[in-house]
Amino acid sequence: PSGQFDLTPEYIAKWQVKADIQQDEANKKMSATGKGFTLSLDFKESAVDVSLQVGLLLKPLKNMILGKVEDQLKRYL
């Protein structure tokens, strides 16, 4: 990944949720899985693929969450 964006427990804590964070530096991927969601980041040469899978309760917030994640990524890329 370019820049210093890290999917850390502190970053996830800003959302007031707990998540299990996995980082695969060799394949340039990160993911966070918590109650009702999985966020995946796949860093490419010139882009980042962001995927958010949410449960029924979080569906109304999905676009807002994705927008905030994209805003954070823009700061680092």
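As a starting point, this report considers the structure included with it. Computed from a prediction, not measured in an experiment: that's the story for all the values here.

Cut-offs applied
Residues numbered from 1 in each chain as written. Predicted model: local features only at pLDDT ≥ 70, side-chain atom pairs only at ≥ 80, totals over all residues. Heavy atoms only, no water. Salt bridge = Lys/Arg side-chain N within 4 Å of Asp/Glu carboxyl O. Buried < 20%, exposed > 50% of the residue type's maximum accessible area, 1.4 Å probe, protein only. Pairing = 2+ DSSP bridges. Helix = DSSP H or I, 4+ residues; strand = E, 2+ residues; numbered from the N terminus. Axes fitted to C-alpha atoms, helices over the stretch in contact; angles between N-to-C directions. Contact = heavy atoms within 4.5 Å.

1. Considering the pattern of salt bridges
Part 1 of the argument: In the structure shown here, the tally under the stated rule is two salt bridges.
Part 2 of the argument: The shortest N-O distance in the salt bridge between Lys44 and Asp42 comes to 3.1 Å.
Part 3 of the argument: For Lys44, a relative accessible area of 43% gives the class partly exposed.
Part 4 of the argument: Salt-bridge contacts for Lys44 lead to Asp49; the nearest nitrogen and oxygen are separated by 4.0 Å.
Part 5 of the argument: One salt-bridge network, held together by shared partners, links Asp42, Lys44 and Asp49.

2. Considering the pairing of strand 1 (residues 19-24)
Part 1 of the argument: Relative to strand 2 (residues 29-34), strand 1 is paired through six bridges, and the arrangement is antiparallel. Note on strand 2: the bridge partner recorded for Gln23 is Met30.
Part 2 of the argument: Following strand 1, the chain reverses through four residues before pairing antiparallel with strand 2; Lys28 in that reversal takes a positive phi of roughly 55°.

3. Let's talk about the sheet that holds strand 2
Part 1 of the argument: Pairing is antiparallel in the open sheet, where four strands are placed in the order 1-2-3-4. Of all strands in the sheet, those bounded by a partner on one side alone are strand 1 and strand 4 (48-54). Direction aside, neighbouring strands of the sheet carry axes that sit 10° apart on average.
Part 2 of the argument: Direction of pairing for strand 3 (residues 37-43) relative to strand 4: antiparallel, over a ladder of seven bridges. Each bridged residue has a counterpart across the sheet, and for Ser40 the counterpart in strand 4 is Ser51.
Part 3 of the argument: Set on the sheet, helix 2 (residues 62-76) makes contact with strand 3 and strand 4; between it and strand 4 the angle comes to about 150°.

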